[in-house]
Amino acid sequence: MVRKINKEALLVFIFLLTFFSVAEGAPWEVERIIEEVGGDLPFLDYPVGILVDDQNRSILINDWGNNRFLSLSEDGQIKKVLDSLKSPAGLGKDEERGRIYIVEQKANQVRIIKSDDFSTLGFLKAKTPLQEPRGIWVDEEGKIYVADTGKSRIVVFSPGGEELFTFGKEGMGNDEFYYPRGVAVDEEGHIWVVDTQHHCIKVFDEKGNFLFRFGQGGEGKEDFNQPRYLFIQEDWVFISDYRNHRIKVYNRGGVLQEIIGKEGTGEGEFSFPEGLWIDEGGRLWVADAGNNRLQVIDVNFLINPKLYLASLLEERKDQEFMQVMERLSPEDKKDPEVARLLLEFFRKRGNLDQAIYQAEDLFLNDSENRDYWKKTLGELYYEKGVHLRGEGKLKEAREFFHKSWQNGNSHSLFLYLWTSFLLLGGSNLFILILAIVLLFLIMIFSRLRKERYRGW
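Parameters at a glance
- Residues numbered from 1 in each chain as written.
- Predicted model: local features only at pLDDT ≥ 70, side-chain atom pairs only at ≥ 80, totals over all residues.
- Heavy atoms only, no water.
- Phe/Tyr/Trp six-rings, centres within 6.5 Å; stacked < 30°, edge-to-face > 60°.
- Buried < 20%, exposed > 50% of the residue type's maximum accessible area, 1.4 Å probe, protein only.
- Lys NZ or Arg CZ within 6 Å of the ring centre and 35° of its normal.
- Helix = DSSP H or I, 4+ residues; strand = E, 2+ residues; numbered from the N terminus.
- Polar contact = N/O pair within 3.5 Å; in protein donor to acceptor, adjacent residues only side chain to side chain.
- Patch = residues over 30% accessible without salt bridge, like charges linked within 9 Å, V, L, I, M, F, W, Y side chains within 5 Å.
- Areas by Shrake-Rupley, 256 points an atom, 1.4 Å probe, with all protein chains shown as cover.
- Salt bridge = Lys/Arg side-chain N within 4 Å of Asp/Glu carboxyl O.
- Axes fitted to C-alpha atoms, helices over the stretch in contact; angles between N-to-C directions.
- Parallel < 35°, antiparallel > 145°, perpendicular 65-115°, else oblique.
- Left-handed = near helix turned anticlockwise from the far one by under 90°.
- Contact = heavy atoms within 4.5 Å.
- Arc of directions from axis to C-beta.
- Pairing = 2+ DSSP bridges.
- Core = buried A, V, L, I, M, F, W, Y, C linked by side-chain atoms within 4.5 Å.

This part takes up the packing of aromatic side chains. Inspection of the entire model under this criterion finds 23 aromatic pairs. When the centroid spacing of 6.2 Å and the interplanar angle of 55 degrees are considered together, the rings of Phe301 and Tyr308 count as tilted. As far as the burial class goes, Phe301 and Tyr308 line up, both buried. Among the aromatic residues, those joined into a ring-pair cluster are Phe165, Phe167, Phe177, Phe204 and Phe210. Between Arg228 and the ring centre of Tyr242, over which it is positioned, the NZ or CZ distance is 3.5 Å. Geometry around Phe224 places Lys248 over its ring, the cationic atom sitting 4.3 Å from the centre.

Below, the structure written as structure tokens:
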């Protein structure tokens, strides 16, 4: 198939992408805020650790200021409380083994509890005692990573609680820290550490060997000011930029993708945000510590873009749709499902030129569904032909009717022949032919009547 690109339409498309990419308003939105949780102490006091147990439909909170661990229902009300903890900070879970890990900062320990009834199973035992630990992460294999903040190191335990190795110490080097808080592990086994007092993120391999770092102190777009915790979801890294009162989102290459929120008490604003978690529904839970509350933010535009694009398309939110589309990587944009959504977007907007361009691209690249895209092209060429015929552009219309017929749209054949006929002689020739046909029919009718009378 020969692809014919309308240059004017392509320029319009580029303009739209540019316009929507710089348009005001982020595609994220606050879904809910939880402040009052009920019980004897109905309000949170500086929540730090947060974890969503999708399996048991519970929200787990380390209520640092109240020295308690809370299990909340989906509507944000207390289901169960563990009191008398000592400054509980980070939270981790091991679904396979049914365990929850609570980092007790002032007790210099990590408590292990059962995820069903929250009874204590024991404590992690480090070879050298922990000192004011803050962060924790449990990887897919069940290995436990603890940010031993007071000793500026990371301690790694086996699923059974045996210390495997440690790395880091206090210092200014790439493999040294100063009060690290957050720790997380990505799909490749790389260990991400929030080096809080050095205002940066450091990334290590699975054995604790330094790979790269990013960030520096400050208030600018690329800066951090005592970052605290992080959460990794596939290719996305969410970081609480504590004293800049915002959440920053990076890809796994350390490139900034999004900044969520600013300082304040309103919806989508933060005061010293701490722990982060993303649930299975694509919602980011933020322990908005300084505001003594939790904020829940829909971030599907990042982590589930295809699902999010489909919902925006259905709701006809054109600006948001193009904002999310522009954020996608070139590889993601080549995904047939994403390309199909963009095609539907153009069709709904009545932009036939871009819809045709998109369908031609899908026809060439989506070999598994080539028959479907051929049929779609037949329909689009037909629509374009009808549009051009209405503008009196018969020659161009005939081209599209012919292409439509070649792509299996039989309805286009008559219009192709008819348009060709008009281009050959115009309407006068048609009237002459119609007159001849009518005269011929009259003659036949007259002869039939005469034969009928003779038969009487």
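With respect to the helices, strands and loops of the structure, Asn351 is situated in the loop between helix H6 (336-349) and helix H7 (352-365). For Asn351, a relative accessible area of 18% corresponds to the buried category. Among the polar contacts made by the side chain of Asn351, one reaches the main-chain amide nitrogen of Gln354 at a distance of 3.2 Å.

Right, let's get into a nonpolar patch on the surface. Among the surface-exposed residues, Val437, Leu438, Phe440, Leu441, Ile444 and Leu448 lie close enough to one another that they form a single nonpolar patch of about 550 Å² accessible area. Here Leu438 lies in helix H10 (residues 411-455). Take Leu438: its relative accessible area is 47%, and that puts it in the partly exposed class.

Here we come to the packing of helix H8 (residues 370-390) against helix H9 (residues 394-406). Where H8 meets H9, the closest approach of the two axes is 8 Å, and the angle between their N-to-C directions is 160 degrees. Taken together, the axes of H8 and H9 lie roughly antiparallel to each other. The way H8 lies across H9 gives a crossing that is left-handed. Where H8 approaches H9, its residues Lys374, Gly378, Tyr381, Tyr382, Lys384, Gly385, Val386, Leu388 and Arg389 are matched on the opposing element by Leu394, Glu396, Ala397, Phe400, Phe401, Lys403, Ser404 and Gln406.

The complete set of buried residues in helix H3 (residues 305-314) reads Pro305, Tyr308, Leu309, Leu312 and Leu313. Along the long axis of H3, the arc covered by the buried residues comes to 135 degrees, so they all point the same way. The exposed residues of H3 that point more than 90 degrees off its buried face are Leu307 and Glu314.

What follows deals with the sheet that holds strand S20 (residues 246-251). Read across the open sheet, the 4 strands follow the order S18-S19-S20-S21; overall the sheet is antiparallel. The open sheet has two edge strands, strand S18 (230-233) and strand S21 (256-260), and neither has a second partner. Strand-to-strand, the axes of this sheet are offset by a mean angle of 20 degrees, without reference to chain direction. By the bridge criterion, 4 bridges tie S18 to strand S19 (residues 236-241) in an arrangement that is antiparallel. Paired with Ile232 across the two strands is Val237, which belongs to S19.

Within the structure shown, the criterion is met by 30 salt bridges. A salt bridge links Arg228 to Glu274; the shortest N-O distance between them is 3.0 Å. Placement of the pair is Arg228 in the loop between strand S17 (210-214) and S18 and Glu274 in strand S24 (residues 273-278), with a sequence separation of 46 residues. Comparing Arg228 with Glu274 shows no difference in burial state: the two are buried. Within this structure, Asp186, Glu187, Glu188, Asp235 and Arg252 form a network of salt bridges that share partners.

With that settled, consider the nonpolar core. Counting residues in each nonpolar core, the largest one holds 97 residues, and the members touching the most others are Phe69, Phe238, Ile260, Leu284, Ile297 and Phe321. In terms of residue count, H6 provides more of this core than any other element does, 7 residues in total. Filtering out sequence-adjacent residues up to four positions away, Ile297 remains in contact with Trp28, Glu29, Val30, Glu31, Ile260, Phe270, Gly282, Arg283, Leu284 and Val286. Counting 13 residues, the second largest nonpolar core, distinct from the first, contains Tyr101, Val110, Ile112 and Val138.

Scope: geometric values only; no functional claims are made or implied.
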